[in-house]
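Now for the letters of each chain:
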Amino acid sequence: MIATTSQLAYPSAISRTAPIVRRRITPEAGHALEKLSHAIEYLSDELAIDAGPFTGNRGRIEAIDLLMSLNRRVFAECPEIPSIGQRISAWFHRPA
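All values derive from a computational prediction rather than experimental measurement.

1. Considering the side chain of arginine 23
Consideration 1: Relative to the helices and strands, arginine 23 is located in strand E1 (residues 22-23).
Consideration 2: Within the local environment of arginine 23, its side chain forms a polar contact with the backbone oxygen of alanine 76, the two atoms lying 3.2 Å apart.
Consideration 3: Once residues lying within four places of it in the same chain are set aside, the contact partners of arginine 23 are Phe75, Ala76, Cys78, Pro79, Glu80 and Ile81.

Below is the structure:
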């Protein structure tokens, strides 16, 4: 499940019954996620420190949104790790 912007802004909007999806993160994806996270944190901190009106900071907010969407995309492109239940089911349903 990829969270939408509104779900990220309001964590209670994320379904409590949504399955947890684990992903195998490659070293390349890990470096990309790390760099994107640092950039998001830097821009967010800069925005919070300036504490000016949000209307004048629209460019920063759009940059943060863009980086966050790229972060989610990199994570979503990593292969899923099947849950234990999925692995057991696949084992029972394998061709004889």
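And the narrative resumes.
2. Observations regarding the pattern of salt bridges
Consideration 1: Taken as a whole, this structure holds three salt bridges when the rule is applied.
Consideration 2: A salt bridge links glutamate 80 to arginine 23, with the nearest nitrogen and oxygen atoms 3.5 Å apart. Of this pair, glutamate 80 sits in strand E2 (residues 80-81) while arginine 23 sits in strand E1, and the two are 57 residues apart along the sequence.
Consideration 3: We note a salt bridge from arginine 60 to glutamate 46, for which the minimum N-O separation is 3.5 Å. One end of the pair, arginine 60, is in helix H3 (residues 58-76); the other, glutamate 46, is in helix H2 (residues 27-50), with 14 residues separating them in the sequence.
Consideration 4: Given the relative accessible area of 26%, glutamate 46 is considered partly exposed.

3. Structural notes on the nonpolar core
Consideration 1: If you look at the biggest cluster of nonpolar residues, it comprises seven residues: Leu36, Ile40, Leu43, Leu47, Ile61, Ile64 and Leu67.
Consideration 2: Contributions of two or more residues to this core are made by H2 and H3.
Consideration 3: Top element by residues in this core is H2. It accounts for four residues.

Calculation criteria
For every chain, the first residue of the written sequence is number 1, and numbering continues from 1 onward in sequence order. Local features are withheld for residues below a pLDDT of 70 in this predicted model, meaning they are given only at 70 or higher, and side-chain atom pairs are given and counted only at 80 or more; totals for whole chains, interfaces and linings count all residues. To get the side-chain values, take all heavy atoms of the structure and skip hydrogens and water. Secondary structure elements follow DSSP: runs of H or I no shorter than four residues count as helices, runs of E no shorter than two count as strands, and numbering proceeds from the N terminus. Within 3.5 Å is the distance limit for a polar contact, defined as a pair of N or O atoms, with the added protein rule that one can donate a hydrogen and the other accept it, and that residues adjacent in sequence qualify only through two side-chain atoms. Contact between two residues is taken to exist if any of their heavy atoms lie within 4.5 Å; hydrogens are not considered. Salt bridge, as used here, is a side-chain nitrogen of Lys or Arg placed within 4 Å of a carboxyl oxygen of Asp or Glu. Relative accessible area decides the class of each residue, using a 1.4 Å probe on protein chains only: under 20% of the type maximum gives buried, over 50% gives exposed, and in between gives partly exposed. Working definition of a nonpolar core: buried Ala, Val, Leu, Ile, Met, Phe, Trp, Tyr and Cys residues. They are joined through side-chain atoms within 4.5 Å.

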